[in-house]
Amino acid sequence: GLMKGDKHEEPEPGPEPAAPPPSTDEEEPLLEFHHSYRELFQFFCNNTTIHGAIRLVCSQHNRMKTAFWAVLWLCTFGMMYWQFGLLFGEYFSYPVSLNINLNSEKLVFPAVTVCTLNPYRYTEMKKDLEELDRITEQTLFDLYKYNSSNTLVAHARGRRDLRESLPHPLQRLPVPAPPHAASRVRRSDSSLRDNNPQVNRKDWKIGFQLCNQNNSDCFYRTYSSGVDAVREWYRFHYINILSRRQDTPLLEEEALGKFIFACRFNQVSCNEANYSHFHHPMYGNCYTFNNKNNSNLWMSFMPGVNNGLSLTLRTEQNDFIPLLSTVTGARVMVHGQDEPAFMDDGGFNLRPGMETSISMSKEAVDRLGGDYGDCTKNGSDVPVENLYGTKYTQQVCIHSCFQVNMIRECGCAYIFYPQPRGVEFCDYRKHNSWGYCYYKLQDAFSSDRLGCFTKCRKPCKTGSSRCCPYRTITPSRTREMGLPNSTSSSRS
């Protein structure tokens, strides 16, 4: 309570609360807008972390410095975007790294195909080839005065009748001389006439005429070399003779023994289970060792001439078809077990009377498909029918493509490629214009107008064996006396 005389003190009032500030229109906005590009550029240069950009503002009182820094700044920006272009270009080109590994380990020995280089014994084909050989000999005599026998027709009329017994006779065709060379040809005409014009004249070619079905279009298949013309003409007629022969030479143990004297692999003798047989229209009886049908594939452990496959072959030179080929010996090709033997594309010849050693190395290639390269895994996406029924390879596809076009355009199958069911091989007795169609198609094939080389892509995974003869030994006189004639030995 309050006592008497005490003062009553009233509490002083506190300070009044501050009034809220009046609202104004000049508050700082969240996003600042500049009135000109100049202000925007100055703001960017003052606040950016790019080196050199601020120099464009602080040196604005010196135009020389401003120009220098502007050029330098633009150059650095240009180089930066150029580097970006290179990086993006390299990324979208899908580069591939190539890794090469050299291994020396146990490998499956490849398949080896050996052919006799003689499609038929001349004694067996002599009756079918008698007329063709007689006409060819007469043609050689007319062109080059080469008399290979004493049975030539003596009179010109007889020679003409003989040549007309076969279609597409071989002819000597004049070649028109250039205008500036006409006088030179006339001056040298007399001297050439006295010096065997059949050999030395340059104003003619040798060839034979081919026409379509109704003879409305014809062309000459010509060659500047008479020897090449005779060989191609003989080969053309030989194909027609083969098409009429339905019998394929069967494998006989006697025929195999006459061709292959000895066979060893890693010093162990071969047996019948180690090889298979097929007949090639140009290279004759072919024997494939260590193919996919072999129950026990050969394995290669060590290199050297004493390891691998060793063959002793006999080539019967006296029974070759004389006008079909100019070589004797044997033809060899090394390929995969599940690949056909393309003797024309990858084979090589062995000379008789020689011992030849062949070195081999295996190459395995894995290609990236998709965006990194244009390859196929198994050929299922290639628009070409596989006529060989084997593993897809680029050569299988190319040959199948040509045969499919041959059947579609010419109505018959080429005898050197597989024969589909229900299709006959080409023979001018049944298909009189197939030669015209074939040579036209061959020109289109070589220039890829058929699209075979474009359609047939490389497989993504391939394994090939590279081989080459690296040593050839000529036997001495003493050794030749102990071996039969025309014998050659090969080691791989």
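Residues numbered from 1 in each chain as written. Predicted model: local features only at pLDDT ≥ 70, side-chain atom pairs only at ≥ 80, totals over all residues. Heavy atoms only, no water.

### With respect to the overall build of the protein
Reasoning step 1: Assigned secondary structure in the protein consists of 14 helices and 18 strands.
Reasoning step 2: The 492 residues of the protein split such that 35% are buried.
Reasoning step 3: Of all intrachain contacts in the protein linking residues separated by at least 6 positions in sequence, the fraction that spans at least 24 positions is 71%.
Reasoning step 4: Of the accessible surface of the protein, which amounts to about 32200 Å², a share of 52% is contributed by carbon and sulfur atoms. (Helix = DSSP H or I, 4+ residues; strand = E, 2+ residues; numbered from the N terminus. Buried < 20%, exposed > 50% of the residue type's maximum accessible area, 1.4 Å probe, protein only. Contact = heavy atoms within 4.5 Å. Areas by Shrake-Rupley, 256 points an atom, 1.4 Å probe, with all protein chains shown as cover.)

### Examining the UniProt feature "transmembrane region" (unreviewed entry) in the protein
Reasoning step 1: Mapped onto this structure's residue numbering, the UniProt feature "transmembrane region" (unreviewed entry) falls at residues 67–88.
Reasoning step 2: End C-alpha to end C-alpha, residues 67–88 measures 32 Å, and it is 100% helix and 0% strand. (UniProt positions renumbered as here; feature names shortened; annotations may be inferred.)

### A short note on the packing of helix α8 (residues 226–244) against helix α12 (residues 434–446)
Helix packing for two helices is described by the angle between their axes and how far apart those axes are.
Reasoning step 1: At a closest axis distance of 12 Å, the pairing of α8 and α12 adopts a crossing angle of 120°. With respect to their mutual orientation, α8 and α12 come out oblique. Note that α8 runs across α12; the crossing there is right-handed. Two secondary-structure elements touch here, α8 through E232, F236, I239 and N240 and α12 through W434, G435 and Y439.
Reasoning step 2: Its residues placed into classes, the contact of α8 with α12 shows 4 nonpolar, 2 polar and 1 charged. (Axes fitted to C-alpha atoms, helices over the stretch in contact; angles between N-to-C directions. Parallel < 35°, antiparallel > 145°, perpendicular 65-115°, else oblique. Left-handed = near helix turned anticlockwise from the far one by under 90°. Nonpolar A, V, L, I, M, F, W, Y, C, P; charged D, E, K, R; others polar.)

### Notes on the sheet that holds strand β3 (residues 170–174)
Reasoning step 1: Strands sit in the order β3-β4-β5 across an open sheet of 3 strands; the sheet is antiparallel. Of all strands in the sheet, those bounded by a partner on one side alone are β3 and β5 (218–223). If you compare each strand with its neighbour and ignore which way they point, the axes differ by 45° on average.
Reasoning step 2: Bridge count between β3 and strand β4 (residues 204–211): 5 bridges; the pairing is antiparallel. By the bridge assignment, L170 is partnered in β4 with F208.
Reasoning step 3: Here α8 sits on the sheet and contacts β3, β4 and β5; the angle it forms with β4, its principal contact strand, is near 20°. (Pairing = 2+ DSSP bridges.)

### Digging into the pairing of strand β12 (residues 330–335)
Reasoning step 1: Counting buried positions over the 6 residues of β12 gives 6, a clear majority of the element.
Reasoning step 2: Alternating residues of β12 divide into A330, V332 and V334 and R331, M333 and H335, and every residue in both groups is buried.
Reasoning step 3: Summarising the sheet, strand β2 (residues 111–115) and β12 pair through 5 bridges and their orientation is antiparallel. Among the inter-strand pairings, V112 is bridged to a residue of β12, identified as V334.
Reasoning step 4: Bridging between β12 and strand β13 (residues 348–350) involves 3 bridges; their strand directions are antiparallel. The residue bridging V332 from the neighbouring strand is F348, located in β13.

### With respect to the sheet that holds strand β9 (residues 284–289)
Reasoning step 1: Taken in spatial order, the 5 strands of this open sheet run β8-β9-β2-β12-β13, and their pairing is antiparallel. Edge positions in the sheet fall to β8 (275–280) and β13, since each has one partner strand and no second. Between one strand axis and the next, the sheet turns by 25° as a mean value, whatever way the strands run.

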